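# Observations on the model geometry
For reference, the chains in residue letters:
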Amino acid sequence: MTAVLEISNVKKSFGGIKAVDGVSFDVQEGEILGLIGPNGCGKSTLFNCILGQLTPTDGEVKVDGKVVTGLRPSELNRLGVSRTFQLLQVFPKLSVRENLILAGQEHQGNMMSRLFGPSDAGLSAAADQMIGFFKLDHLATEAAGGLSYGQQKLLDAAMAFMGGPRLVLLDEPAGGVNLTMLGDLKERLAAINREKRATFVVIEHNMEFVMSLCTRVMVMAEGKLLAMGTPAEVRANPAVIEAYLGH
Amino acid sequence: MTINGKYWRIALGLAVIAALIIVPMNFNRYGLYILSQWAVMTIAAMGLNLTLGYAGQVSLAQGAFVGIGAYAAAIMTTQGMPLIAALGVAIVLCFAIGWILGYPALRVQHHYLAFVTLAFSTLAFLVFRNEDWLTKGIYGISGIPRPNVLGFATNRPLPFYYFCLGSLAIVSLAMWWLIRSPWGRAFVALRENPVRALSLGIDTRRYTLMAFAIGSALGGVAGALYAPLTQYIDPVPFNLSLSLDLLMMVIVGGSGFFFGPFLGAMIAVLLPEWLRFTQGYYLMLYAIAVMLLLIYSPTGILGILDRYLAERRTKAASALRAVTKSRLETAP
Amino acid sequence: MSNLLDLLVAGLATGAIYALVAVGFTLLWQTSQTINFAQGEFVMLPAFLMLAVMHAGAPFWLAIILGILLSLLLLGLGFKLLLVDPMLRHGVLPLAIATMALAIGIKEAVKQFFSAEASPFPSIVPAGDVSILGRVVSLQSLGVLALAIAVVIGLTMLLNRTSIGHQMQATAQNPTVARIIGVPVERMILLTFLINAFLVALASLLITPIYLAKFSSGEVLGQAAFIAAIVGGFNQVRGAIAGGLLIGVVDNLAAAYVSTQYRAAVPMVLLIVIILFRPQGLLGRPEERTV
Amino acid sequence: QGAPIKLADVAELSGGGATVGNNWKNGIDLAIEEINAKGGVLGRKLEVTHADSQSNPGVARAQVQKALDNEPYVLLGPGYSGSVKVTSPLAAEAGIAQIMGGEAAELTQGGNKFLFRTSFGQQSSMPKVAKYINDELKAKSVAVVWVNNDFGKGGRDVITKEFAKYNIKVAADLSTEAGQADFAADVSKIKAAAPDAVFIYLNEEESARILKELKRQAVTVPLMGETTLVGQKVVELAGDAANGARGHVGLTTDAPVDLVKAFREKFVKKYNYVPDHNGLKGYLAIYMIKATTDKMGKVDSKAFADTLHGLTIKAANEPGILMDVTFDEKGDIDRQGFLVEIVEGKQVVKQVLPKLN
Amino acid sequence: MSDAILDVQGLVGGYGKMTILNGTSFSVPAGSITTVIGPNGAGKSTVFKAIFGLLKLREGKVVFKGRDVTGLSQRELLNAGICYVPQGRNIFPELSVRDNIQLGAVVARDIADLPARIEAALDKFPVLRKKAAQQASTLSGGEQKQLEIVRGLLLNPQLVLIDEPSIGLSPLMVQQTFNILKELRDRGVSILMIEQNARSALEISDYGIVLELGQTRLVDKADRVLNDPRIGQLFLGGAMTETAA
Ligand SMILES: Nc1ncnc2c1ncn2[C@@H]1O[C@H](COP(=O)(O)OP(=O)(O)OP(=O)(O)O)[C@@H](O)[C@H]1O
Ligand SMILES: Nc1ncnc2c1ncn2[C@@H]1O[C@H](COP(=O)(O)OP(=O)(O)OP(=O)(O)O)[C@@H](O)[C@H]1O
Ligand SMILES: [Mg+2]
Ligand SMILES: [Mg+2]
């Protein structure tokens, strides 16, 4: 197995606040890594540092062995890294289908072919398939801003898959998604993981989801790595129970 | 939109085009001048509509680009060069300057961006006015010739109007193509949610600069037509108020709608003319009319149409939902 | 050297005027996220209202009171009901454009119903000069500066220390949520525009004796003040003071040491530089969002 | 009793030149009202349409085009030299006389046979100013303050040329903006240059502001200007600070001429304010039309320009013309002028500069 | 259910011409926790908006304590004793955390013990105390949600409408929030909650409502809803339990 993502000693502080305080770990190809930790422990900030949304104060991020710190999110995405956001991030005035085409179009052809080629960049079929899968058929032509919370969340996840990514970072994909749908989503992730060897890092507070989906779970607390291990190990770890799980 | 609706739209479009060609044939010089002005301003507004309406980048510099285009045309054609060359220079120059002006948009947005571009617009005006050696300063450049197009002289108002109309047609087609291409979608993404766009591999930086550059280049085209239209230019028409007028055209017509600039320019160019009979009150009435229009439809004239279409769409969607519903209800 | 001091003092005097007008921009942004392109005209108009009352034979003090009341009515209540209400929901631009049209409307109306000529305006501050550090400064300028500072302090206290102020800001930042937690949103918006109307009336009273009452004086003033507001920090009322004074001084220094022909360029360049290197302005608060 | 005689006016009714244009328009309306009250011209009433150029040459061109399409008897305006420049070829092409308010020197130099001034062009007024500065003020170095538009720049260009003839040095050459409010920096530059005199060529309001600032900074050298420095408006706006300012005045409502005083009273009565020279220009334009038409004895738009060239109109015969005036072949004007000084808030005529011929 | 504090009767309404609610009816027994579940887009949030006067209804009415409150303003509803914590992110980004919280009490009449109440709330969410002076937009997603919950419960309401409070909260904080809701219920406050985290929510609830396509599919005791196999299959991810087990 090779490491798709290598994080070494990443730090990020805002003024005096150390949001991420020296985190290092690797993600192997084909892995589904869960990332959990109390609110405000720096999970989303870590994602943002990895993906170039924020510049880390210190440390290094490698994708496929290549240093990517300082690359912009779009460049990372072109390398096959995509993501979802914790807070709703869709294009509210575009229709669901347009949202999905948009999410994939930069992975088709080049600037010129996108200017002179077909209007949908050849993605209509793929988009409709995605729509079907997430049960958004009756909403395909509706503006994404008018979707319910959970539907937008699903759309956001669907968008992350349109570019055929190799590494996907999901920030709380389950929040607000109906349990039945969530089961489907989980299966979908597992399937993509199996068939396309895509790698996932998932931030989630839904323990059932994390524990049943992930091969490995990492726990953060106060910007630092608190524990790392299989779901069962983590669930039994007293420090994790104390800081995060409760009971 | 049903098939029927589509035919209606095409028919309507052809009728408007035919009217634009035929009706002005017996207009007087003044009427043709105003219509030519409308065509020119529409081109400039279309450029701004791309930058602002589609890509969401507020610019108060479009007037300056019209100025740059106009000066390029005036200086070159009074030196005996053909307008087509001047047009090329205007496009390239405005594209390049627009590209550079786009850089601030990578750092700031909204009103901050508006003011950076406003500052640029003021600087451009000062250059037009102060650099006498190039622009003849405040005295302006007179005796700007009108071009020969395909061997036809356009000195008379009617041929020149057709020249402007033809230019407008070409620009419109190019714009239409651009907007419906994936680029157009990327521009909208920039406006709607740049953060998400970036994470989807959309090079927001390049698209932002493109939006500025292409929009500005269209400003340059408009300027290069404006110079032979008035045959005299000085710096004053290209001050901030032109930029504000163009902005008004875009918003009043309906920003982010393809036909918005056509209507916006019509309001801005023709409405004051229609109101002239009220003498001293005409600008006041014009201002009131613009305000009333925006009060009635803050999203511009095409916003009204859009509201109507949206209603039809939701009706259709509602029906779709009803179907889903009955299907689910009959399911076990 | 003495020359430099002269310029500084003169620049501060002009800057105080910009500051006083700029406060309105920052106030409206902080409390309703609106941009009023007619703010310069808003400052121009009350003076004419007062002049009109005086022409009708009323004494100056009565004209001031009536002028302020009329401003509250027209520029506060009327503005809010007619333009702000229908457009506020549709984002910044439509309203901004509507205020541009309004600016034209006000200018034309003043020209049509009063005069295209400039007229002098009585000063409530005695017209004398005082000497500070050996420099001659007019009492009027000092009055403007004092008022600008007082207004900024007063508004800052109101916005940051009182519940009303928080409610006004909440209304601006997220009206739906403000409504949900019981903020009387309509009243807050009205209050915002009434305060603005009151401020422009005061500003008009102090500035017009220096600027003269003229239909077009709002253009220059509005634009300079706008730039001052951005430079100082658009989302903080206190930014107006910093920006106003800075622009006033820079403008004067530029005219003296750069080139009078390019005088207007210098504040613009300053604006660009400041926005690019400190987008939030000198005293503004950076707009941070987590994603 | 024929149909009314149609006149068309295109002026700066809004935008930067609104003050100019509105004065001009009011002057025109006043004259027409008077003439029509007395039975019109050759028994026909005058009728004018006003159009707004928005102080923008492009719009001016459109409006003039529109006006010409309606075939007026004579075209009036515009007042901005740039706007005159774009529109005069149209009028010439249509063969219609254009009586305008622009003062830029070059307007009448191009051999246009249809263009007429209502006041001195800068090429006739500036030499008088320069001569006065040289002969009377004996200044060897002068600071020039001008407003950076076509009016100000034109004046500045002519006067600096004239100064060169007298070997007068331009100690400071200060461009200012229309609508500028703060002249502290300009005045401190003037002080630093220590000239023997200051030549000020600004609009009325800015003139008033710079006069105040000159006083505040205690500049005591003679201040010289043109009509716009010593007008009643400036005195009203600048108060004490205007005292001592001198200027050459081609047209002023303060002229020590009874007819002009009477005009001023009529104007104030109708419009409630004291007109500047643009009000006079508009008024005179109409009386030029009347005198020329009376002279021709017919309303003939084609012959109009020919008749007006070389015509002398005497105030004795046509009181509305206020002062005797002669038009040369270029359409330039010759008339009495004045050198005035503000003394205790009043214009005092120091010299009368007689008509050249 | 005669002692219903809230009675929702035949609501019909939606966005523009689109109908989302097709005659939704249910009632909320006083002093209970009632949880609404249903698929995404069923119209759950829309019902809350309708109750809280944020949606124009075409038909139906909302009765609170026997009084028709349909179409009242939010201020009036708050004064009547209903408060509402919406879904998603609903903070005032440029105000400080403390100012945000204090704004929760704009309509409060008894402000004497307000500081004490705020302190008590901050005790339950210590992160917020630590960050009280920070600008609210710099909070993490979950912290923002905590802020909203604190702000929303600052008044002494009789009925709380709370829309998916668990989104973004860590398990510990979900427990904390549910504990607070239970405490409120024990003090006699009625709670109407929407949750996708349906199992945990139904466990602390007294009643459950299943909403689908804008209509009430089922209203029953919470444990019965939880154990209804068909409901489990359709809305609670029936298969999930097996994999998790
Ligand atoms: N602002 C809006 N404009 C148009 N349609 C909307 C709007 N908000 C919601 N809808 C539509 O109404 C339906 C119901 O939405 P609602 O938010 O009530 O769902 P929900 O049951 O709360 O779902 P979730 O569990 O995902 O939050 C959805 O299909 C959605 O598309
Ligand atoms: N722009 C900012 N300025 C100051 N502090 C910030 C900023 N952005 C984030 N923080 C702080 O950094 C910390 C980590 O935030 P982050 O969003 O990464 O948390 P998280 O682990 O994703 O939490 P959650 O589970 O609630 O989403 C928080 O304490 C937050 O307040
Ligand atoms: Mg997070
Ligand atoms: Mg919902």
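As annotated in an unreviewed UniProt entry, chain E carries the name ABC transporter ATP-binding protein and is attributed to Bradyrhizobium lablabi. What UniProt states about chain E under its Sequence similarities (unreviewed entry) heading is, verbatim, "Belongs to the ABC transporter superfamily." The record held by UniProt for chain E lists under Function (unreviewed entry) the comment "Involved in beta-(1-->2)glucan export. Transmembrane domains (TMD) form a pore in the inner membrane and the ATP-binding domain (NBD) is responsible for energy generation."

As recorded in an unreviewed UniProt entry, chain A goes by the name ABC transporter ATP-binding protein, listed as coming from Bradyrhizobium lablabi. We quote the UniProt Function (unreviewed entry) comment for chain A here in full: "Involved in beta-(1-->2)glucan export. Transmembrane domains (TMD) form a pore in the inner membrane and the ATP-binding domain (NBD) is responsible for energy generation."

## Topic: the site of ligand 2
Not every one of the 23 residues close to ligand 2 is listed here, only the nearest: Ser44, Thr45 and Gln86 of chain A together with Lys131 and Ser140 of chain E. Residue neighbours of ligand 2 fall on chains A, C and E, so the site bridges chains. Within the contact set of ligand 2, an oxygen atom lies 2.8 Å away from a backbone nitrogen or oxygen of Gly40 of chain A. Thr138 of chain E is positioned with one of its backbone polar atoms (N or O) 2.9 Å from an oxygen atom of ligand 2. Relative to its free-state accessible area of 640 Å², ligand 2 is covered by the protein chains to the extent of 95%. Counting only elements with at least two residues in the shell around ligand 2, the list comes to strand E2 (17–28) and helix H1 (43–50) of chain A together with helix H6 (141–152) of chain E. Along the lines of polarity and charge, the residues of the shell around ligand 2 split into five nonpolar, 13 polar and five charged.

## Re the interface of chain B and chain D
Contacts between the two partners involve 26 residues from chain B and, on the opposite side, 30 residues from chain D. A buried area of about 2,400 Å², summed over both sides, lies between chain B and chain D, and 47% of it is on carbon and sulfur atoms. Among the residues of chain B in contact with chain D, Arg29, Tyr30 and Tyr139 of chain B are the three that bury the most area, contributing 28% of the side total. In this assembly, chain B and chain D are joined by four salt bridges. For the pair chain B and chain D, the interface holds 16 residue pairs in polar contact (both at pLDDT 80 or more). Within the residue set of the side of chain B that touches chain D, elements represented by two or more residues are helix H2 (29–54), helix H5 (110–130), helix H10 (204–230) and helix H13 (282–296) of chain B. Sort the elements by how many residues they give to the side of chain B that touches chain D and H2 of chain B lands first, with four residues.

## Some words on the interface of chain C and chain B
If you look at the interface, chain C gives 40 residues, while chain B gives 34 residues. Across the chain C/chain B interface, buried area totals approximately 3,500 Å², and carbon plus sulfur atoms make up 80% of it. If you look at where chain C meets chain B, you find zero salt bridges. Mapped onto the side of chain C that touches chain B, the elements with two or more residues apiece are helix H3 (60–87), helix H4 (92–113), helix H9 (217–232) and helix H11 (265–277) of chain C. A class-by-class count of the residues in the side of chain C that touches chain B yields 32 nonpolar, six polar and two charged.

## Regarding the side chain of Asn174 of chain C
Assignment of secondary structure puts Asn174 of chain C in the loop between helix H6 (163–173) and helix H7 (175–180). Within polar-contact distance, the side chain of Asn174 of chain C engages the backbone oxygen of Ile91 of chain E at 3.3 Å. Setting aside anything within four residues of it in sequence, one finds Asn174 of chain C in contact with Asn90, Ile91 and Phe92 of chain E.

## A look at the packing of helix H2 (residues 57–69) of chain D against helix H3 (residues 81–94) of chain D
Residues and elements named next belong to chain D. In contact at an axis separation of 8 Å, H2 and H3 are set at 25° when each is read in the N-to-C sense. In terms of orientation, H2 and H3 fall into the roughly parallel class. Two packed elements cross with a definite hand, and for H2 against H3 that hand is right-handed. For the pair H2 and H3, the contacting residues are Pro57, Ala60, Arg61, Val64, Gln65 and Leu68 in the first and Gly82, Ser83, Val86, Thr87, Leu90, Ala91 and Ala94 in the second. The class makeup of the residues in the contact of H2 with H3 is eight nonpolar, four polar and one charged.

## Thoughts on the packing of aromatic side chains
For any pair of aromatic rings, the description consists of the separation of the ring centres together with the inter-plane angle of the planes. Using the criterion set out here, one finds 38 aromatic pairs over all chains in the structure. Arranged with centres 4.9 Å apart and planes meeting at 85°, the rings of Phe133 of chain A and Phe134 of chain A form a pair that is edge-to-face. On the accessibility criterion, Phe133 of chain A (24% relative accessible area) is partly exposed. We classify Phe134 of chain A as buried; its relative accessible area is 1%. Aromatic side chains Phe267 of chain D and Tyr273 of chain D sit 5.4 Å apart centroid to centroid with 85° between the ring planes, which places their arrangement in the edge-to-face category. What makes Tyr273 of chain D buried here is its relative accessible area of 14%. An aromatic cluster of at least three residues, connected via ring pairs, comprises Phe115 of chain B together with Phe25, Trp29, Phe37, Phe226 and Phe234 of chain C. Over the ring of Tyr296 of chain B we find Arg307 of chain B, and its NZ or CZ is 5.8 Å from the ring centre.

What counts as what
Every chain is numbered on its own, with residues counted from 1 as its sequence reads. Chain A is the first chain written and ligand 1 is the first ligand written, with later ones labelled in order. Predicted model: local features are reported for residues with pLDDT of at least 70 only, side-chain atom pairs are reported and counted for 80 or more only, and whole-chain, interface and lining totals are derived from all residues. Hydrogens and water molecules were not included; the side-chain quantities draw on all heavy atoms of the structure. UniProt positions are given in the numbering used here, feature names are shortened, and annotations may be inferred rather than shown by experiment. The near set for a molecule or strand comprises every residue that places at least one heavy atom within 4 Å of it. Polar contacts, as counted here, are pairs of nitrogen or oxygen atoms within 3.5 Å of one another; within protein the pair requires one atom able to donate a hydrogen and one able to accept it, and residues that are adjacent in sequence qualify only if both atoms are side-chain atoms. Each accessible area value is a Shrake-Rupley result obtained with a 1.4 Å probe; residue values ignore everything except the protein chains displayed when judging cover. Going along the chain from the N terminus, every DSSP run of H or I of four or more residues is numbered as a helix, and every run of E of two or more is numbered as a strand. When residues are sorted by character, Ala, Val, Leu, Ile, Met, Phe, Trp, Tyr, Cys and Pro go into the nonpolar class, Asp, Glu, Lys and Arg into the charged class, and all the rest, Gly among them, into the polar class. In this analysis, two residues are considered to be in contact whenever any of their non-hydrogen atoms come within 4.5 Å of each other. Here the buried area means the combined drop in accessible surface, using a 1.4 Å probe, for two parts upon being joined, counting both sides. Take a side-chain nitrogen of Lys or Arg and a carboxyl oxygen of Asp or Glu: if they are within 4 Å of each other, that pair is a salt bridge. Convention adopted: a line fitted to C-alpha atoms gives each axis, helices being fitted over their contacting stretch, and angles between N-to-C directions are expressed from 0 to 180 degrees. Here is the rule for angles: anything less than 35 degrees is roughly parallel, anything more than 145 is roughly antiparallel, 65 through 115 is roughly perpendicular, and the remaining ranges are oblique. Whether a crossing is left-handed or right-handed is set by the direction in which the near helix is turned from the far one by less than a right angle, anticlockwise for left-handed and clockwise for right-handed. Paired rings are identified among Phe, Tyr and Trp, the last through its six-membered ring, by centres lying within 6.5 Å, and are further divided according to the angle between planes into stacked (under 30 degrees), edge-to-face (over 60) and tilted (the rest). Only protein chains enter the calculation, and the probe is 1.4 Å; a residue is then buried if its accessible area is under 20% of its type maximum, exposed if over 50%, and partly exposed in between. Either the NZ atom of lysine or the CZ atom of arginine qualifies as a charge over a ring when it sits within 6 Å of the ring centre and within 35 degrees of the ring normal.

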